[in-house]
Amino acid sequence: DVRLDLENAIVNRGLVIDYEAFVGDMLNRTADDVGAERQIYTRADTLQFCSAILSRRTMEADPVNLAFCPYIVFAYEEANAEGTIHVGYRRLPEAGNEESRGALFEVNALLDEIVREAVGH
């Protein structure tokens, strides 16, 4: 449900999810191959997307900001704490010149807004 709420919070803003990573599934699937001794997640997913407006603004301010696209939000449930869902985002460092810092601040605000909407805050 929470993952769907994250998806809706992104899509309802007219943004397109470019990629979904099922990190928890990958870790569970490869556990024997790497000699893992415990399951970390019951489920752990990331959703990746960009905003054409905000991405352009950040990259016009400083071309190195390309490194921050796509944006990532995530949801996971730890195997040893079933029933508790963690939701968050990869916070971008507000670095560079003033214009860059301002644009990256806007991206962080968008990510925070999406996550808060998904969890009902």
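Residues numbered from 1 in each chain as written. Predicted model: local features only at pLDDT ≥ 70, side-chain atom pairs only at ≥ 80, totals over all residues. Heavy atoms only, no water.

**Overview of the pattern of salt bridges**
Put simply, the rule reads: We count a salt bridge whenever a side-chain nitrogen from Lys or Arg sits within 4 Å of a carboxyl oxygen from Asp or Glu. Put simply, DSSP marks the helices as runs of H or I at least four residues long and the strands as runs of E at least two long, and each gets a number from the N terminus on. Between buried and exposed lies partly exposed: a residue is buried under 20% and exposed over 50% of the maximum accessible area for its type, with that area taken using a 1.4 Å probe on protein chains only.
For the coordinates displayed, the defined rule picks out 10 salt bridges. Between Arg 3 and Asp 45 there is a salt bridge, with its nearest N and O atoms 4.0 Å apart. Taken together, the positions of Arg 3 in helix α1 (residues 2-11) and Asp 45 in strand β2 (residues 41-50) put the pair 42 residues apart, joining distant regions of the chain. As far as burial versus exposure is concerned, Arg 3 and Asp 45 are alike and both buried. The shortest N-O distance in the salt bridge between Arg 57 and Glu 106 comes to 2.6 Å. On the criterion of sequence distance, the pair formed by Arg 57 in helix α3 (residues 52-61) and Glu 106 in helix α4 (residues 98-119) is long-range, its members being 49 residues apart. Owing to a relative accessible area of 33%, Arg 57 belongs among the partly exposed residues under this scheme. Here the residues in one salt-bridge network are Arg 3, Glu 7, Glu 20, Arg 43 and Asp 45, joined through shared partners.

**Description of the sheet that holds strand β4 (residues 85-89)**
Spelled out, the test is: In this scheme, strands are said to pair when DSSP sees at least two bridges between them. To get an axis, fit a line to the C-alpha atoms, keeping to the stretch in contact for a helix; angles then go from 0 to 180 degrees between the N-to-C directions. Any two residues whose heavy atoms approach within 4.5 Å at even a single point are treated as in contact.
Taken together, the 4 strands give an open sheet; going across it, the order is β1-β2-β3-β4, and neighbouring strands pair in antiparallel fashion. Here the strands that pair on one side only, and so sit at the sheet edges, are β1 (16-21) and β4. Strand after strand, the sheet turns through a mean of 20° between neighbouring axes, direction not considered. In terms of strand pairing, β2 meets strand β3 (residues 71-78) through 8 bridges, oriented antiparallel. By the bridge assignment for β3, Arg 43 is matched with Glu 77. Each of β1, β2, β3 and β4 is contacted by α1, which is oriented at about 5° to β2, the strand it contacts most. Across the sheet, α4 touches β2, β3 and β4, and the angle it forms with β4 is around 160°.

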